[in-house]
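Listed here are the chains, written in short residue letters.
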There are 2 protein chains.
Amino acid sequence: MVKSVTLREAWSGEADCRNCALRTTVLFAGLEEEDFDRIHDPIDQFDLRQGTALYQTGERGDYMFTVRSGALKLVQYLPDGSQRIVRIARGTDVLGLEVLLDEPYQHDAIALQRTEVCRFPARLVKDLGQNSPKLHKELMTRWQRALTEADAWLTELSTGSARQRIARMLLRLARDNANHDCELLSREDMGAMLGITTETASRTIASFKREGLLTETQPNHVILNIASLRRIAED
Amino acid sequence: MVKSVTLREAWSGEADCRNCALRTTVLFAGLEEEDFDRIHDPIDQFDLRQGTALYQTGERGDYMFTVRSGALKLVQYLPDGSQRIVRIARGTDVLGLEVLLDEPYQHDAIALQRTEVCRFPARLVKDLGQNSPKLHKELMTRWQRALTEADAWLTELSTGSARQRIARMLLRLARDNANHDCELLSREDMGAMLGITTETASRTIASFKREGLLTETQPNHVILNIASLRRIAED
DNA sequence: CGACGGTTTGAGCGACATCAATCCCCGTGG
DNA sequence: CCACGGGGATTGATGTCGCTCAAACCGTCG
């Protein structure tokens, strides 16, 4: 358990949209300059410490978010109190699509590391989306991406032995990472992600280290032996 | 394994859209009469026998589908050949949203029972969607629904003991079914849905029968003891 | 220094997988 | 009509992977 801080504490000032590195890749790519002036105003940027909740299940907010850096876990809870991580949002991902349909947030969104996000009113997207085919398509793409992720979690991360699941998770974490390295999650989060216990996660990771499947360079930072992991992942 | 027949064999004539019971609930709800005339033409209706594949992973087709009756499973495969059912589509659900983004189908879609579907070109939705805010919103709703389903499968159907998963699955199958009854899937499909073996599925169902948690009225048709199943599902 | 949260490791047990035999239902052909 | 065959469901026996409970370890922070 990590304690949460309020969003208010995380406020880090007006967003620097115009110079935002994400501008061309993110939700508003393809907007005209004049549209762009209209949207700058209500956008705030936040800087979340590890463990901070961006929003919580059932909350009604009129805000959507884009992730600038870092990562958040999207968590759902079962009646018995156990939790399951259903997705991880990283750079350029959009959070809170559900508020476009006036629904409350469907998950707890919690920062896994230090994480920067931009917050903007869903109103903005609703208005612009009506008449902008480009934004319309962009939105569909976002949804499709989330859905593909969700399906992959089911087939890759919730199927097979613990060794297989962890191998697949590692490969996923390091994907599009040239050096084949990545930050490890806490063992508890691994468990919630893969549907196994923290002890099993710990044991498996430890075992992978001993077998040379991964090398710890700094605390919790590892380099993967891709080929061997892939062999484990696939059968 | 059930053999597949081609779609061609399943063709059952021009769709009767104007009198379709789904007209008001389905994708095209809210279209104007004039729009409606434009779309009737290219719509075909199919009648799928159990085991028929509506489409397959990786196929490129320009068609989307609505389910009129029956049910289809959406299946994905792992490199090692094992399969996982990631969703079930039933009455009024829309299939093939991904082709709106010019992507190939992401699953095998296979009829679980005798199933009626309507097929229409994605082109239609692309064209109408550009300028129709209503359709735009309807599409987002569809996507959101699929995503919510996907998340629920992860938290409810891939978490906990086999007994819990099967209980949750049964409650799901019978949901919005006044008599608390439902058709059972094959044990193999249950396994692929819950990430357990067919033997475990079989044993658990048999055990539920003995315990009076479900009563078989006709072969593979059961009435559920909702209260007791819920108790099992929740802890 | 002690306390605390997370990780690792151990021992034992139980749930589920595996392998295999039997049963049951139905359709098919002699 | 019945024997036969095949596919799915059921049941059993056995092994094992991962859960559970518990202790020890480790780094950090007060």
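Quick caveat, the model's predicted, so the values are computed rather than measured. (Residues numbered from 1 in each chain as written. Chains lettered and ligands numbered in written order. Predicted model: local features only at pLDDT ≥ 70, side-chain atom pairs only at ≥ 80, totals over all residues. Heavy atoms only, no water.)

1. Some words on the domain arrangement of chain A
All names here are of chain A. The domain boundaries assigned to chain A delineate domain 1 (3-143) and domain 2 (158-234). Taken together, the contacts link seven residues of domain 1 with eight residues of domain 2. With both sides pooled, the region where domain 1 packs onto domain 2 buries about 660 Å², and carbon together with sulfur makes up 54% of that total. Among the residues domain 1 hides against domain 2, the three largest losses belong to Arg84, Ile85 and Ile88. Together they make up 61% of the total. Put simply, domain 1 and domain 2 have one salt bridge between them. On the surface where domain 1 and domain 2 come into contact, there are five residue pairs in polar contact (both at pLDDT 80 or more). (Domains from an automatic or database assignment. Contact = heavy atoms within 4.5 Å. Buried area = accessible area lost by both parts, 1.4 Å probe. Salt bridge = Lys/Arg side-chain N within 4 Å of Asp/Glu carboxyl O. Polar contact = N/O pair within 3.5 Å; in protein donor to acceptor, adjacent residues only side chain to side chain.)

2. Focus on the relation of the copies chain B and chain A
The operation relating chain B to chain A is a screw motion whose rotation component is 180 degrees, with 0.0 Å of axial translation and a residual RMSD of 0.1 Å. What we have between these two chains is a two-fold relation. (Least-squares fit on C-alpha atoms with pLDDT ≥ 70 in both.)

3. Focus on the packing of helix H5 (residues 162-174) of chain A against helix H8 (residues 226-234) of chain A
Residues and elements named next belong to chain A. At a closest axis distance of 8 Å, the pairing of H5 and H8 adopts a crossing angle of 135 degrees. On the basis of their axis angle, the class for H5 and H8 is oblique. For the pair H5 and H8, the crossing hand works out as left-handed. Note on element contacts: H8 touches H5 through Ile226, Leu229, Arg230, Ile232, Ala233 and Glu234, opposite Arg163, Gln164, Ala167, Arg168, Leu170 and Leu171. In terms of residue class, the contact of H5 with H8 is built from seven nonpolar, one polar and four charged. (Axes fitted to C-alpha atoms, helices over the stretch in contact; angles between N-to-C directions. Helix = DSSP H or I, 4+ residues; strand = E, 2+ residues; numbered from the N terminus. Parallel < 35°, antiparallel > 145°, perpendicular 65-115°, else oblique. Left-handed = near helix turned anticlockwise from the far one by under 90°. Nonpolar A, V, L, I, M, F, W, Y, C, P; charged D, E, K, R; others polar.)

4. Regarding the protein's contact with DNA strand D
Near DNA strand D, the surroundings consist of 17 residues, among which Ala162, Thr197 and Thr200 of chain A together with Arg187 and Arg203 of chain B are the closest. Within 4 Å of the protein, the contacting atoms of DNA strand D are 60% sugar and phosphate, with bases supplying the remainder. Arg203 of chain A places a side-chain nitrogen or oxygen 3.0 Å from a base oxygen of DNA strand D. Arg210 of chain B has a polar side-chain atom sitting 3.2 Å from a phosphate oxygen of DNA strand D. (Near = heavy atom within 4 Å.)

5. Quick word on helix H7 (residues 198-210) of chain A
Residue and element names in this part refer to chain A. Look at H7: 18 Å from first C-alpha to last across 13 residues, which is about the 18 Å you get at 1.5 Å a residue. By the burial criterion, the buried members of H7 are Ala201, Thr204, Ile205, Ser207 and Phe208. What you see down the axis of H7 is that its buried residues fit within an arc of 160 degrees, all on one side. Seen from the open side of H7, the exposed residues pointing more than 90 degrees away from its buried face are Arg203 and Arg210. Residues of H7 that are buried sit in contact with H5, helix H6 (187-194), strand E11 (214-218) and H8. Gly212 sits one or two residues past H7 and shows a positive phi near 75 degrees. (Expected span 1.5 Å × (residues − 1). Buried < 20%, exposed > 50% of the residue type's maximum accessible area, 1.4 Å probe, protein only. Arc of directions from axis to C-beta.)

6. Some thoughts on the protein's contact with DNA strand C
Neighbouring DNA strand C are 16 residues, the closest being Arg187 and Ser202 of chain A together with Ala162, Thr197 and Thr200 of chain B. For DNA strand C, the fraction of protein-proximal atoms (within 4 Å) that sit in sugar or phosphate groups is 61%. Ser202 of chain A is positioned such that a nitrogen or oxygen atom in its side chain is 2.8 Å from a phosphate oxygen of DNA strand C. Side-chain polar atom of Arg210 of chain A to a phosphate oxygen of DNA strand C: 3.2 Å apart, as the coordinates give it. Secondary structure elements with two or more residues in the surface near DNA strand C: H7 of chain A together with helix H7 (198-210) of chain B. Per-element accounting of the surface near DNA strand C gives the leading share, six residues, to H7 of chain A.

7. Some thoughts on the sheet that holds strand E12 (residues 221-224) of chain B
Residue and element names in this part refer to chain B. A sheet is described by the order of its strands in space; here three strands give the open sequence E10-E12-E11, paired in antiparallel fashion. Each edge of the open sheet carries a strand with a single partner, namely strand E10 (181-183) and strand E11 (214-218). Each neighbouring strand pair of the sheet contributes to a mean axis angle of 35 degrees, computed without reference to strand direction. In this structure, E11 lies alongside E12, joined through four bridges in antiparallel fashion. Looking at the pairing, Glu216 lines up with Val222 of E12. Relative to the sheet, helix H5 (residues 162-174) contacts E10, E11 and E12, its axis offset from that of E10 by approximately 100 degrees. (Pairing = 2+ DSSP bridges.)

8. Some words on the packing of aromatic side chains
Overall, the coordinates contain four aromatic pairs over all chains when judged by the stated rule. Sitting over the ring of Tyr63 of chain A, Arg119 of chain A keeps its end group 3.9 Å from the ring centre. (Phe/Tyr/Trp six-rings, centres within 6.5 Å; stacked < 30°, edge-to-face > 60°. Lys NZ or Arg CZ within 6 Å of the ring centre and 35° of its normal.)

9. What about the pattern of salt bridges?
Two side chains of opposite charge can pair, provided their charged atoms sit close to one another. All chains considered together, the criterion is met by 22 salt bridges over all chains. Asp102 of chain A is the partner of Lys137 of chain B in a salt bridge, and the nearest nitrogen-oxygen pair spans 3.9 Å. Taken together, the residues Lys137 of chain B in helix H4 (residues 133-157) and Asp102 of chain A in the loop between strand E7 (94-95) and strand E8 (108-111) connect one chain to another. Of the charged contacts in the structure, one is a salt bridge between Asp102 of chain B and Lys126 of chain B, with a shortest N-O distance of 2.9 Å. Here Lys126 of chain B lies in helix H3 (residues 122-131) and Asp102 of chain B lies in the loop between strand E7 (94-95) and strand E8 (108-111), a separation of 24 residues in the sequence. What makes Asp102 of chain B partly exposed here is its relative accessible area of 45%. Lys126 of chain B gets classed as buried once you look at its relative accessible area, which sits at 16%. A single network of salt bridges, built from pairs that share partners, joins Asp102 and Lys126 of chain A together with Lys137 of chain B.

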